[in-house]
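Close look at the chain arrangement
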Amino acid sequence: MGAITAIAVTASIAGLAAVGYGQRPAAQATYSQTTAAPAPEQPFYYRPKASTLLNGVLVPLNSLRVMQRAIALAPEADVDRAPTLALLAAPLKTTGLGPIRIGMDLEDLEAAGLTPVTIAEASNGQCQYYRIQDYGEPVGLMAIDGQILRIDVWPGSLTTTRSGIRIGSTEQDLVRVYGKQLEATANPATLGKTVIFTPQDPGEDVYRLVFETDDQGQVTQFRAGQFPSVTWAEGCL
């Protein structure tokens, strides 16, 4: 019970106020609520009430997800017997999430015991989004021609990066963890920033971690995958 409580508390903590850092020149998001002009149309992933997409991956019992994560992280857990537990115990890396590897085919995913389920509302032609059957985390897999090219972590997820960044982390946290390997541009859709981490390790320079922040400087969603598909702001749409 102590482990479950600790996880629940950790997931609810928001970061401190963000600090500014170097970014490429870009127009600042200065939309004013007092102007008579209509608010700018938000891309699919940034709409505050994108319930159609989120309902495809969210489950109502968030407490159950916390308990499952606690089980997966327990020292005696045999995650090899339950692939979805392996996902819960794994951090998101530039190259994948647990048994899910960027670049693997959907057939290989099923061979690993993970069943992809199409999220039709987020898919378009050869570019398709999937969730994992019986896996309650709001995480989506983008596949093009049946090959997984990116993994999205959406609002409500307890998933973290290998360095501990999660939904609710701050821009200051990103700078502390990734330092000069970051590039940031203003995102007028979120009134925050799109922050990109490019790894320097040999063989990983084709991958990226991309973080979206809001006007408070907090991470609202993030993703990992191959360049350039990982940088597509609207995913498949």
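This text follows the structure it describes.
Now for a description of the structure that goes with this document. (Residues numbered from 1 in each chain as written. Predicted model: local features only at pLDDT ≥ 70, side-chain atom pairs only at ≥ 80, totals over all residues. Heavy atoms only, no water.)

Tallying each qualifying case throughout the model produces 4 salt bridges. Between Arg150 and Asp152 there is a salt bridge, with its nearest N and O atoms 2.8 Å apart. Taking relative accessible area as the criterion, Arg150 reaches 0% and is therefore assigned buried. Under the relative-accessibility criterion, Asp152 is labelled buried at 1%. (Salt bridge = Lys/Arg side-chain N within 4 Å of Asp/Glu carboxyl O. Buried < 20%, exposed > 50% of the residue type's maximum accessible area, 1.4 Å probe, protein only.)

One finds Ile100, Leu109 and Phe211 to be the most contacted residues of the largest nonpolar core, which totals 34 residues. The contact partners of Phe211, leaving out residues within four places of it in the chain, are Thr161, Ile165, Leu174, Tyr178, Lys193, Thr194, Val195, Phe197, Val219, Gln221 and Phe222. If you look at the next biggest cluster of nonpolar residues, it comprises 7 residues, including Ile119, Ala122, Met142 and Trp154. (Core = buried A, V, L, I, M, F, W, Y, C linked by side-chain atoms within 4.5 Å. Contact = heavy atoms within 4.5 Å.)

Glancing now at the sheet that holds strand β9 (residues 192-197). The strand order across the open sheet formed by 8 strands is β4-β5-β6-β7-β11-β10-β9-β8, and the pairing between neighbours is antiparallel. Strand pairing shows two members of the sheet lacking a second neighbour, β4 (116-118) and β8 (182-187), which therefore form its edges. Between one strand axis and the next, the sheet turns by 25° as a mean value, whatever way the strands run. Inspection of the sheet shows β4 paired to strand β5 (residues 127-132) by 3 bridges, in the antiparallel sense. Across the sheet, residue Val117 finds its bridge partner in β5, namely Arg131. Taken strand by strand, helix α6 (residues 171-178) contacts β8, β9, β10 (207-213) and β11 (219-226), and its axis lies near 155° from that of β10. (Pairing = 2+ DSSP bridges. Helix = DSSP H or I, 4+ residues; strand = E, 2+ residues; numbered from the N terminus. Axes fitted to C-alpha atoms, helices over the stretch in contact; angles between N-to-C directions.)

This model, assessed by the stated rule, comprises 4 aromatic pairs. Plain terms: the ring middles of Tyr129 and Trp154 are 5.7 Å apart, the flat faces sit at 40° to each other, and that makes the pair tilted. Of this pair, Tyr129 sits in strand β5 while Trp154 sits in the loop between β7 (147-153) and α6, and the two are 25 residues apart along the sequence. The buried category is assigned to Tyr129, whose relative accessible area is 0%. Judged by relative accessible area, which is 1%, Trp154 ranks as buried. Look at Tyr178 and Phe197: their rings are 4.5 Å apart centre to centre, the planes differ by 35°, and that puts the pair in the tilted class. Of this pair, Tyr178 sits in helix α6 while Phe197 sits in strand β9; the two residues are 19 residues apart in sequence, bridging distant segments of the chain. This pair shows no difference in class: Tyr178 is buried, exactly as Phe197 is. Among the aromatic side chains, those forming a connected cluster through ring pairs are Tyr178, Phe197, Phe211 and Phe222. (Phe/Tyr/Trp six-rings, centres within 6.5 Å; stacked < 30°, edge-to-face > 60°.)

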